[in-house]
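The primary structure of each chain is shown beneath.
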Amino acid sequence: MIPHKVPPVVRLGPARLTEGLDHCRRLDLPAHRTIHGAPAPLDLESLIAQADLVDLRGRGGAAFPFARKLRAVAGNRSERVVLINAAEGEPASRKDAMLLVRTPHLVLDGAVLAAEALRAREIVLAVAADSVPFASAEAAVAERRAAGVAGAEESRLRIRVIGLPERFITGEGGALVRGVNGETPTPPGRKRRAAHEGVDGLPTLLSNAETFAQLALLARLGPAAYADVGTPREPGTLLLTVGGETVVEAAHGMPLSAVLDLCSPGADLGPGVLLGGYHGTWLTAAEARTAVLSRAAGTPLGAGIVLPLGPDTCPLGETARVAAYLAGQSAGQCGPCRLGLPDLARALLALCSGEGSPEAVRRAARSVERRGACSHPDGTARFALSALDVFATDIASHLDAGTCGRPVLGVLPLPESPAEPEYRLDVDWTRCEGHGLCAHLLPEFVDLDDFGYPAFRPVPGGMLREARRAVEMCPALALRLA
């Protein structure tokens, strides 16, 4: 047993993914086998047929049909890899961490089933480095090796755990593959489907940890029993992270209000509830009370994140601080991320102080939509735009008085990051001719006065490369970096 903080788990309906966790802090391999048994291997067609029958979809946010991924990988005639996405860079999500910390063999069982059906050469589990889930995953792989059950053909099937930096964009599919391949874990800038070119350039079945755990349950129960709970269109259960801390297993089709009441009985939801995380959508409290846990019914579940604000914090201020975090979490590879997201964050901060306008926020959001090298700008824009609709009353108060009267309490969880080094741009005024090129290259950190001469703000370490480029391109050789 490894030491760890156990993520709290509650349920609405039967225990499927969380079975046995009432009695065990962590299911090691013997305990897991006692509760879930050993999975019987399935051939590829049988596995695809079962996933199709229950319309099993990815639980990482995009809800892509799992059977289609299996077919896409199987259609490539070469070696194959199974990649488990457990990076979970979203600060408000704990569900995949809970699975790896408390029932890691359920995730590995699903991955082994898929790998054997595809005759993959290895399983790679990608998770935040130096974390409790990473340690638990490594312990689980060691337990399987010691028991001789890494795979039905252990000499052929390898399982390895890869630690990646804990950043918001690390869990994006292309970024994850790059990280596993030893590159910087940022989106590649052009769409690459892992099913065609993934780990080591091989066809790769990529899905998140909960999806593989669901696959293991489906194979154990069979489609009919798996569909005993949930709805006809969305069978089974799902995992939610509520308030950034509690993990809830609930059946599809249940009211969202039941989840909220289970975690905080009688609590005032405040002006809104965020669904789907920081690339998700705000709902009013009234909308949240009538929503059901169903994508088919239009509920934007995303990666299963539920964040009620409560009545005591400023909703606009909470939105602005998350937008600033998202702007800092971009890969900085394209204009919408490097320039547009800081503009969007500044527009929200200006609105908080009563000096901006909703129209400025909308313009900033529209300028990044569908223009990025990955989905990060789109998700951030969706988050900001939905706040304008849900918090219209609060925005009116900010525009009238500069505040809604409530402090920003930091209800929306953000990681505690170490202080990032900052750099200073200096100018030799005997050389500067007011060309203004530095402001075009670094608009987030350089302002021009009415005569075209610059004033500078500190440059964070993550933008050091861009700052050096501005220094090198100054026509008058007037810039220096300190």
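Residues numbered from 1 in each chain as written. Predicted model: local features only at pLDDT ≥ 70, side-chain atom pairs only at ≥ 80, totals over all residues. Heavy atoms only, no water.

Visitor: Requested: an account of the sheet that holds strand β7 (residues 246-251), with residues and values cited.
Guide: Sheet architecture is open: six strands sit in the order β1-β7-β6-β10-β8-β9, paired in mixed fashion. The strands lining the two open edges of the sheet, one partner per strand, are β1 (9-12) and β9 (281-283). Adjacent strand axes in the sheet meet at a mean angle of 25°, parallel and antiparallel pairs treated alike. Taken together, the three bridges between strand β8 (residues 273-275) and β9 define a ladder with antiparallel strand orientation. Opposite L274, over in β9, you have W282 as the bridge partner. Sitting on the sheet, helix α14 (residues 376-390) touches β8 and β9, and the angle it makes with β9 is about 20°. (Pairing = 2+ DSSP bridges. Helix = DSSP H or I, 4+ residues; strand = E, 2+ residues; numbered from the N terminus. Axes fitted to C-alpha atoms, helices over the stretch in contact; angles between N-to-C directions. Contact = heavy atoms within 4.5 Å.)

Visitor: Describe in detail the nonpolar core, supporting the description with residues and values.
Guide: Counting 53 residues, the largest nonpolar core has V82, I84, I123, L205 and F212 as the members making the most contacts within it. If you tally residues by element for this core, the top one is helix α5 (residues 104-118), at nine residues. Leave out the neighbours within four places in its chain, and F212 touches F66, V82, L83, I84, L106, V107, G110, A111, A114, L205 and S207. If you look at the next biggest cluster of nonpolar residues, it comprises 24 residues, including A323, A347, A364 and A381. (Core = buried A, V, L, I, M, F, W, Y, C linked by side-chain atoms within 4.5 Å. Buried < 20%, exposed > 50% of the residue type's maximum accessible area, 1.4 Å probe, protein only.)

Visitor: I'd like to hear about the side chain of T170, residue by residue, with values.
Guide: Its location among the elements puts T170 in the loop between β4 (158-164) and α7 (173-180). Looking at T170, the relative accessible area reads 1%, which means it is buried. The residues contacting T170, other than those within four sequence positions of it, are A87, L164, P165, A175, L176 and P185.

Visitor: Provide a residue-level description of helix α15 (residues 392-401), including the pertinent values.
Guide: Taken together, the buried positions of α15 are occupied by D394, I395 and H398. Buried residues of α15, viewed axially, fall in a sector of 100°; they line one side. In α15, the exposed positions that point more than 90 degrees away from the buried face belong to T393, D400 and A401. (Arc of directions from axis to C-beta.)

Visitor: Can you tell me about the packing of aromatic side chains, naming the residues and giving the values?
Guide: Counted by the stated rule, this structure contains six aromatic pairs. When the ring of F168 is compared with that of Y325, the centres are 6.2 Å apart and the planes differ by 85°; the resulting orientation is edge-to-face. With a gap of 157 residues between them, F168 in the loop between β4 and α7 and Y325 in helix α11 (residues 315-328) connect regions that are remote in the sequence. Taking the relative accessible area as the measure of exposure, Y325 reaches 12% and is therefore buried. On the numbers, 6.1 Å between centres and 35° between planes, the contact of W282 with F383 is tilted. Remark: F383 occurs in helix α14 and W282 occurs in strand β9; sequence separation between them is 101 residues. Note on accessibility: W282 and F383 belong to one class, buried. An aromatic cluster is defined as three or more aromatic residues linked by ring pairs; in this entry it consists of Y278, W282, F383 and F391. One Lys or Arg, R16, reaches over the ring of Y226 and ends 5.9 Å from the middle of that ring. (Phe/Tyr/Trp six-rings, centres within 6.5 Å; stacked < 30°, edge-to-face > 60°. Lys NZ or Arg CZ within 6 Å of the ring centre and 35° of its normal.)

Visitor: Explain helix α2 (residues 44-53) to me, and be specific about the residues and the numbers.
Guide: All of the buried residues in α2 are L44, L47, I48, Q50 and A51. The buried residues of α2 occupy an angular sector of 160° when projected down its axis, which confines them to one face. What points out from α2, more than 90 degrees from its buried face, is the exposed set E45 and L53. Where α2 is buried, its residues touch α3 (66-74), α5 and α8 (209-226). Looking at where α2 begins, the residue whose side-chain oxygen comes 3.1 Å from the main-chain nitrogen of E45 is D43. Positive backbone phi, approximately 50°, marks D55, located one or two places after α2. (Polar contact = N/O pair within 3.5 Å; in protein donor to acceptor, adjacent residues only side chain to side chain.)

Visitor: Before we move on, could you go through the pattern of salt bridges and cite the residues and values that matter?
Guide: In total, this model carries 25 salt bridges according to the counting rule given. Close ionic contact of E318 with R321 constitutes a salt bridge, the shortest N to O distance being 3.1 Å. Taken together, the positions of E318 and R321, both in helix α11 and three residues apart, correspond to about one turn of that helix. Judged by its relative accessible area of 25%, R321 is partly exposed. In this structure, a network of salt bridges that share partners links the residues R59, K95, D96 and E210. (Salt bridge = Lys/Arg side-chain N within 4 Å of Asp/Glu carboxyl O.)

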